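Residue strings, one per chain:
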Amino acid sequence: MRRRIQRTIVTATLVFLLFIGVGGCWSAQELNNRAFVNTVLIDLTEDGQTELTLGIPLPNRMIPGEAGGTGQPQGDPFSFVTRRAENLSKALSLIQVDLSRNISFGQTRIILVGRRQAEQGLDKVVEFVFRQPSFRLSASLFITPNNVIEVTRSPMVFERILSDILRKYVNNHFTLDTTIKDYKLALYQGGDILIPLLSFGDLPGVAQENPQKDRWMGSGGAAIFSGGRMAKTELSSHEHRIALWISSQLRSTTITISSPTDEKEMSFLIEGIKTSIDPIVHGGNLSFRIKSSAKASVEASFSHMDLKNPDVIDQLEKLLDKAVEEQFLEVLAKTRQTRSDAFLLSQYLDWRYPKIWHSMKEQWKNFYAKELPIEVSVDIKLNRAGGVYRSVVQETNR
């Protein structure tokens, strides 16, 4: 009898909790009284002030039939609000007093930081974010090559909201996925990390259509952070792709090489990429081994090479391996020049050999930059030659 009563009480409690979960009301504040920020832009002005810009969707322009009775929303479905002050907290207060809704960071997915602020470091940005209870630590970080406000001049062509574009850059593995949490963790290891850079270009056609939206935005290279600050040296767009490969964040890419027989162009689609980073301790000496494997298929070939020949396939695989290995080493060399353990090799060492890491923690930056042996090994298998075995151009000219 006693067990039945206990079971009944537990069941009733669970049912009650389920009803609370579907109620939808978690606070006394109505949704209509909130301004949900999805993008945060932070920069420093020339006179040293902090510039804070919030990107906020406008619900009255996103729902058909709510704008002027025409059945279709008129104007942009979002707005940017900017204020300048001595620090981020004061700038946020200045924005809040001008809004009719209370600011909420519960839906913030993107943080954009201008170059001037990035070169000074992101400590203030991280401190501000971690003090906001509703802020998601999974928000992605981006750096702009100049003033961060430049992003507001970008036309929304394929998406309606800026944050949607940047999130798809990350989700589609076009850029590194560096979150505010990743940066915070990197600070504990010395402040070395890679953060994706955006690129901007002129669009005269769009400028004629809308003079206020005349800058095309795209994914660019990557900023190298050393000691928590952005270095002068950057990774180019191509080097950024290699960094994605090393970081196991790349789904597919294209590699073009010259044929070893006639130096004609050959392009290969690379897929199924897997990369591992391992510390090696042998005889008291420390080194790192970066191994990567992938599958390749021929996308285009202007060479007369016969792709049915196993010897030719083996030769091309070795050329692809060598080309990628050289690119890995070039990207690693850039990070070593800036004294930035941007691929967080120290974390791999800490996980595998914590005693060794703690013994050389103080000298790690110098050791990584000048002494650490890094072995790169790439294994690419050419699985498909496409619909034909020889170049279509070569076959036509025969």
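All figures in this text were calculated on a predicted structure; none of them were measured in a lab.

S.K.: Looking at this structure, how should I read the side chain of T179?
M.R.: Tracing the backbone shows T179 in the loop between α5 (162–171) and α6 (180–188). On the basis of relative accessible area, T179 is assigned to the buried category, the value being 11%. Aside from chain neighbours lying at most four places away, what touches T179 is L137, S138, A139, S140 and L141.

S.K.: Just checking my understanding: could you explain the pattern of salt bridges for this structure?
M.R.: Any two side chains of opposite charge can pair, so long as their charged atoms come close to each other. Evaluated as defined, the whole model comprises 12 salt bridges. A salt bridge links E234 to R115; its shortest N-O distance comes to 2.3 Å. Note that E234 is positioned in strand β10 (residues 229–235) and R115 in helix α3 (residues 115–120), a separation of 119 residues in sequence. With a relative accessible area of 25%, E234 lands in the partly exposed category. The shortest N-O distance in the salt bridge between K381 and D379 comes to 3.8 Å. The class for K381 is partly exposed, based on a relative accessible area of 42%. Residues joined by salt bridges that share partners form a network here, namely R115, E119, K232 and E234.

S.K.: Looking at this model, I keep getting lost on the layout of surface pockets. Mind explaining?
M.R.: Remark: the empty space left among the atoms is shown by a probe the size of a water molecule rolled over them. Within this model, the largest pocket holds a volume of roughly 390 Å³. If you go around the largest pocket, you meet 20 residues; those closest to its centre are S247, Q249, A342, F343 and L344. Counting only elements with at least two residues in the lining of the largest pocket, the list comes to α6, β8 (193–202), β12 (265–282) and α10 (345–352). Partitioning the lining of the largest pocket into residue classes produces 11 nonpolar, 7 polar and 2 charged. Around the second largest pocket sit 15 residues that line it, and A35, I56, P57, L58 and P59 are the ones nearest its centre. The set of elements that each furnish at least two residues to the lining of the second largest pocket consists of β1 (34–36), β3 (50–57) and β4 (78–85). Ranked by residues supplied to the lining of the second largest pocket, first place goes to β1 with 3 residues. Grouping the constituent residues of the lining of the second largest pocket by class yields 8 nonpolar, 4 polar and 3 charged.

S.K.: What is the right way to read helix α2 (residues 88–97) from this model?
M.R.: Residue pairs three or four apart in sequence face the same way in an α-helix, which turns once every 3.6 residues. Within α2, burial applies to L88, A91, L92 and I95. Buried residues of α2, seen end-on, are gathered within an arc of 100° and therefore sit on one face of the element. Tucked into the core, α2 has its buried residues touching β2 (39–44), β3, β4, β5 (102–104) and α4 (123–130). Sitting at the amino-terminal end of α2 is N87, which places a side-chain oxygen 3.2 Å from the backbone nitrogen of S89.

S.K.: Explain the nonpolar core here, please?
M.R.: Soluble globular proteins tend to bury their nonpolar side chains together. Judged by nonpolar contacts, the single largest core of 50 residues is most densely connected at W245 and W364. No other element matches helix α9 (residues 310–337), which puts 9 residues into this core. With residues up to four places along the chain from it excluded, the contact list for W245 reads L250, T253, I255, I270, I273, T275, S292, A294, V324, F328 and I380.

S.K.: Teacher, can you tell me more about the environment of H304 here?
M.R.: If you trace the backbone, H304 turns up in the loop between β13 (285–301) and α9. For H304 and S259, which are 45 residues apart along the polypeptide, the C-alpha to C-alpha distance reads 8.8 Å. Polar contacts involving the side chain of H304 include one to the side chain of D262, which spans 2.5 Å.

S.K.: When you look at the sheet that holds strand β14 (residues 374–384) in this model, what are you seeing that I'm missing?
M.R.: Whether parallel or antiparallel, the strands of a sheet pair through hydrogen bonds between backbone atoms. Spatial ordering of the open sheet is given by β11-β12-β13-β14, a layout of 4 strands whose pairing is mixed. What marks the edges here is a single partner per strand, and that holds for β11 (253–258) and β14. With direction set aside, neighbouring strand axes in the sheet form an average angle of 35°.

S.K.: What is the right way to look at unusual backbone geometry in this model?
M.R.: Most peptide bonds adopt trans geometry, and most residues besides glycine take a negative phi value. If you check the backbone angles, E263 has positive phi at about 60° while not being a glycine. Although it is not a glycine, R339 sits at a positive phi angle of roughly 55°. Inspection of the secondary structure assignment puts R339 in the loop between α9 and α10. For R339, a relative accessible area of 35% gives the class partly exposed.

S.K.: Sorry, what's going on with the pairing of β12 here?
M.R.: Relative to β12, β11 runs antiparallel, the two sharing 6 bridges. Directly across from T254, in β12, lies its bridge partner L269. Adjacent in sequence and paired antiparallel, β11 and β12 are bridged by 6 residues, among which E263 carries a positive phi angle near 60°. Strand direction decides the pairing type here: β12 and β13, joined by 15 bridges, are antiparallel. Among the inter-strand pairings, D278 is bridged to a residue of β13, identified as R289. What sits between the antiparallel neighbours β12 and β13 is a turn of 2 residues, in which G283 has the positive phi angle 60°.

Cut-offs used in this document
Residues numbered from 1 in each chain as written. Predicted model: local features only at pLDDT ≥ 70, side-chain atom pairs only at ≥ 80, totals over all residues. Heavy atoms only, no water. Helix = DSSP H or I, 4+ residues; strand = E, 2+ residues; numbered from the N terminus. Buried < 20%, exposed > 50% of the residue type's maximum accessible area, 1.4 Å probe, protein only. Contact = heavy atoms within 4.5 Å. Salt bridge = Lys/Arg side-chain N within 4 Å of Asp/Glu carboxyl O. 1 Å grid on protein atoms, 1.4 Å probe; cavity = no way out; pocket = protein on both sides within 12 Å on 5 of 7 lines; lining within 4 Å. Points joined across faces, edges and corners; volume = space filled by probe spheres on them. Nonpolar A, V, L, I, M, F, W, Y, C, P; charged D, E, K, R; others polar. Arc of directions from axis to C-beta. Polar contact = N/O pair within 3.5 Å; in protein donor to acceptor, adjacent residues only side chain to side chain. Core = buried A, V, L, I, M, F, W, Y, C linked by side-chain atoms within 4.5 Å. Pairing = 2+ DSSP bridges. Axes fitted to C-alpha atoms, helices over the stretch in contact; angles between N-to-C directions.

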